[in-house]
Amino acid sequence: MLLTGKTAIVTGGSRGIGRAIAVALAAEGANVAVIYAGNTAAAEETLNLITEQGGRAVSLQCDVSDSAAVADMVKAVKEQFGTIDILVNNAGITRDGLLMRMKESDWQAVIDTNLTGTFYCTKAVTKWMMKQRSGSIINITSVVGQTGNAGQANYAAAKAGVIGFTKSVAKELASRNIRSNAVAPGCIATDMTAVLGEDVIDGMVRNIPLGRVAQPEEVAKAVVFLASENASYITGQVLNVDGGMVM
Ligand code: NDP
């Protein structure tokens, strides 16, 4: 197993891509803290999937856009498992709308969760990772952060910000043996994309060289790789898991 004895925090671990990441990290031997916003039943389901396969996990409700809550959450994980080796900043939301009609609250909510939440969680774990002189941070961005997308100015700005943040953290913390990378999914079958409707998905698939939507587990495999020593010389990179959408 690649991650025996390691502890991972996965934000947005209750559903979708985050759940697949939590399960995959646990399958490689990591203790996993499943962080979620409010869906306790879904978080319990992730825990069940992990414990059924013999893994160790806890779930903690924590709004990543609340810095005090994030500090408490990281402290609780440290007390529970003793170390924090891997952080996956996966929690994310969309509030789509054309620029001229975009409410300030929809702009702010998307920036707060996707970008500021990533900052709060990273800052909180860095304290421990610097002391132990090791760590791997993986931020889930999006192809939309690379290309832009009509109707998603807030989301694209947040996800582009995550890429700049990832690279800056990589430069700052490399000397402490802390790696920082991003994964950019394309179109993945989750609750987030289920609301888009068949026509929109079909339109996206026409622009995907591999010709299909992906499953969350296919993103999780890339995250496990970046979390592990197999990626020991990789930092500051964006790994696209998008069927060739952006190249
Ligand atoms: P889902 O909508 O399926 O799940 C979102 C997760 O984030 C849930 O676990 C939710 O918790 C959690 N969450 C939302 N807001 C907060 C918050 N403020 N604090 C803590 N947790 C929060 O999303 P996906 O699995 O589709 O997406 C996961 C990530 O991947 C996101 O960052 C998304 O932007 C990105 N992505 C997704 C793509 C896709 O095609 N699906 C493509 C590219 C990027 P709860 O269950 O409690 O609500």
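Quick note: structure is the one above.
Residues numbered from 1 in each chain as written. Predicted model: local features only at pLDDT ≥ 70, side-chain atom pairs only at ≥ 80, totals over all residues. Heavy atoms only, no water.

A. Seen up close, unusual backbone geometry. You will see that R133, though not glycine, has its phi angle at about 55°, which is positive. Residue position: R133 is located in the loop between α4 (104–132) and β5 (135–140). With a relative accessible area of 48%, R133 lands in the partly exposed category. Residue N177 is not a glycine yet carries a positive backbone phi of 65°. Structurally, N177 is set in the loop between α6 (153–173) and β6 (178–185). (Helix = DSSP H or I, 4+ residues; strand = E, 2+ residues; numbered from the N terminus. Buried < 20%, exposed > 50% of the residue type's maximum accessible area, 1.4 Å probe, protein only.)

B. Fine view of the pairing of strand β4 (residues 86–89). Burial along β4 is two-sided: I86 and V88 and L87 and N89, pointing in opposite directions, are all buried. The sheet contact formed by strand β1 (residues 7–11) and β4 spans 3 bridges and is parallel. Counted as the bridge partner of I9 is L87 from β4. Summarising the sheet, β4 and β5 pair through 4 bridges and their orientation is parallel. Looking at β5, one finds that I86 is bridged to S136. (Pairing = 2+ DSSP bridges.)

C. Representation of the pattern of salt bridges in the model. Per the stated rule, a full pass over the model turns up 3 salt bridges. A salt bridge links D191 to R15, with the nearest nitrogen and oxygen atoms 2.8 Å apart. Separated by 176 residues along the polypeptide, D191 in helix α7 (residues 191–194) and R15 in the loop between β1 and α1 (16–27) bring together distant segments of the chain. Residue classification places R15 among the partly exposed positions, given a relative accessible area of 40%. Among the salt bridges present, the one from E218 reaches R212, with a minimum N-O distance of 2.8 Å. (Salt bridge = Lys/Arg side-chain N within 4 Å of Asp/Glu carboxyl O.)

D. Representation of the side chain of N114. Inspection of the secondary structure assignment puts N114 in helix α4. Residue classification places N114 among the buried residues on the basis of a relative accessible area of 1%. For N114, the side chain forms a polar contact with the main-chain oxygen of V110, separated by 2.8 Å. The contacts of N114, once residues within four sequence positions are left out, are A91, G92, I93, Y155, A158, K159 and V162. (Polar contact = N/O pair within 3.5 Å; in protein donor to acceptor, adjacent residues only side chain to side chain. Contact = heavy atoms within 4.5 Å.)

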